[in-house]
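Take a look at the letters that make up each chain.
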Amino acid sequence: MTLTPPRVSDVRVRRLTTTLYGYAFLEDFILLYPVYALLFSDAGLSVWQISSLFALWSVTGVLLEVPSGVWADAVSRRLLLWLGPLFTAAGFALWVLVPSYGAFALGFVLWGVGGALGSGALEALVYDELERLDAAGRYARVMGRARAAGLVAVMAAMGLAGPVLAWGGHAAVGGASVVVCLLAAVLALRFPERRSSGDGQVGWTATLRAGLAEARADRSVRGALLLVPAVGAVWGALDEYTPLLVRGTGVADGTVPYLLLLIWAGATAGSLLAGEGERLGSGGLGVLLAGAGVALAVGAAAGSPAGLLLVAFAFGGFQAATVLADARLQRRIEDSGRATLTSVAGLGTELATVAVYGGYALIASGYAHSTAFVVFAVPYLVTAVLLLAGKRGGPGRSA
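Report on the accompanying structure. Owing to the predicted nature of the structure, the values given are computational and were not obtained by experimental measurement. (Residues numbered from 1 in each chain as written. Predicted model: local features only at pLDDT ≥ 70, side-chain atom pairs only at ≥ 80, totals over all residues. Heavy atoms only, no water.)

**Topic: unusual backbone geometry**
Threshold: Only DSSP runs of H or I reaching four residues or more are called helices, and only runs of E reaching two or more are called strands; each is numbered from the N terminus.
The backbone of Asp134 sits at a positive phi, close to 55 degrees, despite the residue not being glycine. Residue position: Asp134 is located in the loop between α6 (121–132) and α7 (139–188).

What follows is the structure in structure tokens.
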């Protein structure tokens, strides 16, 4: 029997995807994530000081989101994916070596820089490389698996952080987090980047102008840019409040982490199934969002552990829709401004997320957390209606 050797393109796709999945896992396999609030508290910080650190982190990401995307288009996307984990590692090292408010603040700035450098650059690099290998149709499936790898890493970090903290304290948890970031930087060097000789040679301001001009000139690009935050911002913000929703069902605090794992499992399943929705047009995506929005409202309103199954289903739908909205955007924008416009969409998501935080605080201050979750299911129903209306109004735009 003669064995047929794999095509060169298949080998290159495999190299790209294995590198991506490993990078996505390492980016989120940070043992500090579940316990850094404890580190701050043990260092004597007040609740106000801790809140100010979170605000500083958010502001850093907002300010650098678009500039970093423009830089990725003007210089090298792989370079930014290498630099990002190094900045994050430096921030985590500061936290452990000099546990003080100033060091924590600088560490959050460095972490914000690291996150911004990778935002937009990763999606742009992956899509362009798949397109060069005639595999752009796999983008949603590939990115769905990458997001699933990140979610698995988060769950693994949640499980390991406690034992490592008990064994070696904050120094052990922080040291492990620094090592993981350094490993991610090393792995980033394996990313291929075969951009044409004309790419990356345009100035920063010219790259930004070209990207924004593309969005102004093409209505479908504008729609795809708006869809990304419309899909990703609300559930991304609600995720921070899921422990409070779970506790509100009346379970013991010791049971909360297990039910949170159920919700995360739903999101992971949504990532893995995103590729199945690769060909969904506006109508299909609208149905997916409507179903997930209804599941979120009904599951949250139930106020019981059983209702959390519907919340998990909803988060799976939202995660899949988030991947598909990104794929929709990538199909509509040009190579030269891909990271720029992806970062513009990321900026929209960041700003919308902050607005959701404010709205949630306003609602939850007078009502139950379940009520807030029900209210924030409404934007998804509105988005679904708009997508379905767009499907009826123009079939050419439905892809």
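**A look at the nonpolar core**
It is characteristic of soluble globular proteins that their nonpolar side chains tend to be buried jointly. Our working rule: Residues belong to a common nonpolar core when they are buried Ala, Val, Leu, Ile, Met, Phe, Trp, Tyr or Cys residues joined through side-chain atoms within 4.5 Å. Three labels apply to residues, based on accessible area from a 1.4 Å probe with only protein chains included: buried if under 20% of the type maximum, exposed if over 50%, partly exposed otherwise in between. Contacts are assigned to residue pairs with any non-hydrogen atoms lying within 4.5 Å of each other.
Ranked by size, the top nonpolar core spans 114 residues in total, and within it Phe40, Trp95, Phe191, Leu296, Phe315 and Phe318 carry the most contacts. At 19 residues, α7 tops the list of elements feeding residues into this core. Excluding residues within four positions of it along the chain, Leu296 makes contact with Leu238, Val311, Ala314, Phe315, Phe318, Phe373 and Ala377.

**Quick look at the packing of aromatic side chains**
Short version of the rule: When two rings of Phe, Tyr or Trp (its six-membered ring) have centres within 6.5 Å they constitute a pair, described as stacked for plane angles under 30 degrees, edge-to-face for angles over 60, and tilted for the intermediate range.
Per the stated rule, a full pass over the model turns up 28 aromatic pairs. Seen from their ring centres, Tyr36 and Phe40 are 5.6 Å apart, and the 40 degrees between their planes marks the pair as tilted. Note that Tyr36 and Phe40 are positioned in helix α2 (residues 36–42) at a spacing of 4 residues, about one turn of the helix. Across this residue pair, the class does not change: Tyr36 and Phe40 are buried. Summarising the aromatic geometry, the rings of Tyr360 and Phe373 are spaced 6.0 Å apart at their centres and angled 85 degrees between planes, so their arrangement reads as edge-to-face. Placement of the pair is Tyr360 in helix α14 (residues 338–364) and Phe373 in helix α15 (residues 369–375), with a sequence separation of 13 residues. With a relative accessible area of 1%, Tyr360 lands in the buried category. Classification of Phe373 by relative accessible area gives buried; the value is 0%. In this structure an aromatic cluster arises from ring pairing among Tyr33, Tyr36, Phe40, Phe54, Trp57, Phe92, Trp95, Phe104, Phe108 and Trp111.

**Topic: the environment of Glu65**
Structurally, Glu65 can be placed in helix α3 (residues 47–74). For Glu65 and Val344, which are 279 residues apart along the polypeptide, the C-alpha to C-alpha distance reads 7.3 Å. Setting aside anything within four residues of it in sequence, one finds Glu65 in contact with Ala116, Ser119, Ser343, Gly346, Leu347 and Glu350.

**A few points about the pattern of salt bridges**
Operational definition: One speaks of a salt bridge when a side-chain nitrogen belonging to Lys or Arg is within 4 Å of a carboxyl oxygen belonging to Asp or Glu.
Considering all chains together, one arrives at 5 salt bridges under this definition. Across the salt bridge formed by Glu123 and Arg147, the nearest N and O atoms sit 3.1 Å from each other. In this pair, Glu123 sits in helix α6 while Arg147 sits in helix α7, placing the two residues 24 residues apart along the sequence. Of the charged contacts, one joins Arg338 and Asp128 as a salt bridge, the two residues approaching to 2.7 Å between their closest N and O atoms. Linking Arg338 in helix α14 with Asp128 in helix α6, this pair joins segments that are 210 residues apart in sequence. Residue Arg338 shares its accessibility class with Asp128, and that shared class is buried. Here the salt bridges do not stand alone but share partners, grouping Asp73, Arg77, Asp128, Glu131 and Arg338 into one network.

**Points about α6**
Basically, it comes down to this: In this analysis, the expected span of each helix is defined as 1.5 Å times one less than the number of residues it contains.
Taking 1.5 Å of rise per residue, the 12 residues of α6 would be expected to cover 16 Å, and the 16 Å separating its terminal C-alpha atoms lies within 8% of that figure. The buried fraction of α6 amounts to 10 of the 12 residues, a majority that puts the element mostly inside the structure. Taken residue by residue, α6 has Ala121, Leu122, Glu123, Ala124, Leu125, Val126, Tyr127, Asp128, Glu129 and Leu130 as its buried positions. Of the residues one or two after α6, Asp134 is the one with positive phi, at around 55 degrees.

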